[in-house]
Amino acid sequence: ATQWTLGPPYGDYTSPLFYAADFQEEPWAGILADSGILDTDYGLYSYYEYGSILWFLYLEHHFGDGSGISAAELWLSMAQEGAPNEPDVIDAHDTLTGDWQEAVLGIQLERAWIATEANPAWAGDYDTEAIAVAITEVADSLPVELSPEIAPFATGVVYFQLEGLEEGEDLELVVEGSEDIDWGLVLTDGSTHATVVGATTTWTGTGTSPLTIGVVHLGAPDWDADSNIRKTQQDFTLHLQSLGLSGGDDGGDDGGAGDGGSGGDAGSGDGTGGGEDPRDCGCGSPLTPLGWMLGLPVILGLLGRRRS
């Protein structure tokens, strides 16, 4: 890992962008899958877990102080009294963030801003098209049914885009999938956004296109992070239909979010509303990508040993 990070003669391995591209290319894998699963099950050779530097940068921006303390707090939150592997990594995320599901929705929203005009502050070094998140399908008419090419694991997300939604046009979104799963939705058109815990919501068009929609797998209510991550994979169908023009009267408080979601300017720092510019860092001293890459393999190794 040190050689990959520091090369030469390892070329692109010296750049965190090399790893982040893999993480953005397979968002359905979530924050608990790794390159071994991607390679063995799907023939996708990658450095996926190293690309999760984006997840750690997100956590540090929102829950740390710019020094990398959030990763240390995550590790300490998994301290165990005996043989049972509890608390586990999801418990630790819950302790660090206050609500792991909301935190997962936050990263799945903000990673979709990378390489756009709303590129978040914590991803300032990743504002390049090569790190843009993968979009499964783009629709340009309604009604439409959309399904993933690869179903998401728990904490994973699948993104779609909708072109041509008119200003003031109400859109209904329904995720048809297992009722045993907590589903989530993230929506952003670059100027407004919403995050939703639930399988249904509405959105009022702002006239800005495209609308990016992420369907997020938030696990089952009794799901445990030590469970086999492969067994959490769940397929779904996303149904989109127009409810007609409303003139925007039914939108959320700050923009496009409708019933069931929290809306706000795309500049929100917490991913669920407000007006903080995502390019303005809300943390302390900046944490450099190279510093993260030096420490990330160690952190991931410790997390893997703890989970095992």
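Heads up: the structure comes first, above all this text.
Below is a short write-up of the structure. (Residues numbered from 1 in each chain as written. Predicted model: local features only at pLDDT ≥ 70, side-chain atom pairs only at ≥ 80, totals over all residues. Heavy atoms only, no water.)

1. Brief notes about the overall build of the protein
Next up, step 1: When helices and strands are counted, the protein shows nine helices and 10 strands.
Next up, step 2: Scored against the burial criterion, the 308 residues of the protein give a buried share of 49%.
Next up, step 3: Here the analysis covers contacts within the protein between residues at least 6 apart in sequence; of these, 73% occur between residues at least 24 apart. (Helix = DSSP H or I, 4+ residues; strand = E, 2+ residues; numbered from the N terminus. Buried < 20%, exposed > 50% of the residue type's maximum accessible area, 1.4 Å probe, protein only. Contact = heavy atoms within 4.5 Å.)

2. A word on the pattern of salt bridges
Next up, step 1: Within this structure, the stated rule accounts for one salt bridge.
Next up, step 2: The salt bridge involving Asp-41 is made with Arg-230; its shortest N-O contact spans 2.6 Å. Residue Asp-41 is located in helix H3 (residues 35–42), and its partner Arg-230 is located in the loop between strand S8 (211–217) and strand S9 (236–245); the two are separated by 189 residues in the primary sequence.
Next up, step 3: The partly exposed category is assigned to Arg-230, whose relative accessible area is 36%. (Salt bridge = Lys/Arg side-chain N within 4 Å of Asp/Glu carboxyl O.)

3. Let's talk about the environment of Gly-30
Next up, step 1: Note that Gly-30 resides in the loop between helix H2 (16–25) and H3.
Next up, step 2: For the pair Gly-30 and Thr-155, spaced 125 residues apart in sequence, the C-alpha separation works out to 4.6 Å.
Next up, step 3: Excluding residues that lie within four positions of it along the chain, Gly-30 makes contacts with Phe-23, Tyr-48, Ala-154, Thr-155 and Gly-156.

4. Observations regarding the packing of aromatic side chains
Two measures describe an aromatic ring pair: the distance that separates the ring centres and the angle between the ring planes.
Next up, step 1: Scanning the model with the defined rule gives 13 aromatic pairs in all.
Next up, step 2: Considering the side-chain rings of Tyr-19 and Tyr-47, the 5.8 Å spacing of their centres and the 80 degrees angle between planes classify their relative orientation as edge-to-face. Of the two residues, Tyr-19 sits in helix H2 while Tyr-47 sits in the loop between H3 and helix H4 (48–51), which places them 28 residues apart along the sequence. Residue Tyr-19 shares its accessibility class with Tyr-47, and that shared class is buried.
Next up, step 3: Taken together, a centroid distance of 5.6 Å and an interplanar angle of 50 degrees make the contact between Tyr-19 and Tyr-50 tilted. Linking Tyr-19 in helix H2 with Tyr-50 in helix H4, this pair joins segments that are 31 residues apart in sequence. Of the two residues examined, Tyr-19 and Tyr-50, each falls in the buried class. (Phe/Tyr/Trp six-rings, centres within 6.5 Å; stacked < 30°, edge-to-face > 60°.)

5. Overview of the environment of Ala-21
Next up, step 1: By the secondary structure assignment, Ala-21 is in helix H2.
Next up, step 2: Given a relative accessible area of 23%, Ala-21 falls into the partly exposed group.
Next up, step 3: Spatially, the C-alpha atoms of Ala-21 and Tyr-47 are 9.1 Å apart, while their sequence positions differ by 26 residues.

6. Some remarks on helix H6 (residues 69–76)
Next up, step 1: By the burial criterion, the buried members of H6 are Ser-70, Ala-71 and Leu-74. Buried residues in H6, looked at end-on, bunch into an arc of 100 degrees, giving them a common side. (Arc of directions from axis to C-beta.)

7. As for the pairing of S8
Next up, step 1: Along S8, seven of the seven residues are buried, which leaves the element largely enclosed by surrounding structure.
Next up, step 2: Judged by which residues are buried, S8 turns out to be covered on both faces: Leu-211, Ile-213, Val-215 and His-217 on one side and Thr-212, Gly-214 and Val-216 on the other are all buried.
Next up, step 3: The pairing of strand S3 (residues 157–162) with S8 spans six bridges and is classified as antiparallel. Bridge pairing links Gln-161 to Thr-212 in S8.
Next up, step 4: As paired strands, strand S5 (residues 183–188) and S8 are joined by six bridges and run antiparallel to one another. Paired with Thr-188 across the two strands is Thr-212, which belongs to S8. (Pairing = 2+ DSSP bridges.)

8. Observations concerning the sheet that holds strand S7 (residues 200–204)
Strands in a sheet are paired, the pairing made by backbone hydrogen bonds, and the direction either parallel or antiparallel.
Next up, step 1: Here we have four strands laid out as an open sheet, ordered S2-S9-S4-S7, and antiparallel in their pairing. Each end of this open sheet is capped by a strand with a single partner; those strands are strand S2 (144–146) and S7. Here the average twist between neighbouring strands, direction ignored, is 25 degrees. (Axes fitted to C-alpha atoms, helices over the stretch in contact; angles between N-to-C directions.)

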